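Coordinate inspection notes
Residues per chain, in single letters:
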Amino acid sequence: LRWWTAPANPAALMQRGLSRSGLRRSVPVEVACMCDILLIDDDVSFSRHFAEYVAERYPRISLNSCANPLEALPLLKTSRYDLVLVDFEMPVLDGRKLVHFALQAGVAPKQIVLLSGHEADLLHEICPAGVCLAVLNKFEERQREVLDMILASLSNKSGKDTPDVC
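An account of the accompanying structure is given in this report. Note that the structure is a prediction, hence the values are computed from the model and not measured.

Next up on the list: the overall build of the protein chain. Of the regular secondary structure elements, the protein chain holds 6 helices and 5 strands. Mapped from its N terminus to its C terminus, the protein chain presents α and β elements in the order α-β-α-β-α-β-α-β-α-β-α. Across the 166 residues of the protein chain, 46% fall into the buried class. Across the protein chain, every contact between residues at least 6 apart in sequence was considered, and the portion connecting residues at least 24 apart equals 68%. Of the roughly 8,600 Å² of accessible surface on the protein chain, 54% is carried by carbon and sulfur atoms.

Structure follows, in structure tokens:
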């Protein structure tokens, strides 16, 4: 679960439509049912490595990234995402406000994960249960394992022919 290491096969990423920067990727044609994830994080390095990790490990997941949370606002209004990952600390618009906006835009709480570098206990004090699916420290291994379980579940559901999943 080392999202900060480069993948072994960059050519495979390009086949899946991941750009060299790793920030945006189009939906591959050969996959019939995809799950769409929006990552909103101003840490471009984390976003790039996370995108590489997802592309390498979960071919049924299409990941879009926004480094500027203001750019994510219209996407949350107009696009349907199966999961929205939001960084808690961003200079322009903090994650708590962005989560509130996403909820108002119709994103269900079970589709939102709040990410941060803070300790999980502090995050749970700041964000009470029920506001989102999970509040995770994106750098702690056990917390990353939880996020990995969420991604695996989405990927497995997207492999089934259920129209309400994707």
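Time to look at the sheet that holds strand E4 (residues 112-116). With respect to topology, 5 strands assemble into an open sheet ordered E2-E1-E3-E4-E5, the strand pairing being parallel. Among the strands making up the open sheet, the edge pair consists of strand E2 (61-66) and strand E5 (134-137). Going across the sheet, the axis of each strand differs from the next one's by a mean of 20°, ignoring polarity. Sheet contacts for helix H4 (residues 95-104): strand E1 (35-40), strand E3 (83-87) and E4; angle to E4, the most-contacted strand, approximately 175°.

What follows deals with the environment of Ser116. Within the secondary structure, Ser116 is located in strand E4. With a relative accessible area of 0%, Ser116 lands in the buried category. For the pair Ser116 and Asp41, spaced 75 residues apart in sequence, the C-alpha separation works out to 9.6 Å. Look past the residues within four positions of Ser116 in its chain and what remains in contact with it is Asp87, Phe88, Glu89, Leu123, Leu136, Asn137 and Lys138.

The full count for this structure, using the stated rule, is 4 salt bridges. Among the salt bridges present, the one from Lys138 reaches Asp87, with a minimum N-O distance of 3.5 Å. Here Lys138 is found in the loop between E5 and helix H6 (141-158), whereas its partner Asp87 is found in strand E3, with 51 residues between them in sequence. On the accessibility criterion, Lys138 (5% relative accessible area) is buried. Residue Asp87 is classed as buried on the basis of its relative accessible area of 4%. Each member of the salt-bridge network shares a partner with another, and the members are Asp41, Asp87 and Lys138.

What counts and how
Residues numbered from 1 in each chain as written. Predicted model: local features only at pLDDT ≥ 70, side-chain atom pairs only at ≥ 80, totals over all residues. Heavy atoms only, no water. Helix = DSSP H or I, 4+ residues; strand = E, 2+ residues; numbered from the N terminus. Buried < 20%, exposed > 50% of the residue type's maximum accessible area, 1.4 Å probe, protein only. Contact = heavy atoms within 4.5 Å. Areas by Shrake-Rupley, 256 points an atom, 1.4 Å probe, with all protein chains shown as cover. Pairing = 2+ DSSP bridges. Axes fitted to C-alpha atoms, helices over the stretch in contact; angles between N-to-C directions. Salt bridge = Lys/Arg side-chain N within 4 Å of Asp/Glu carboxyl O.

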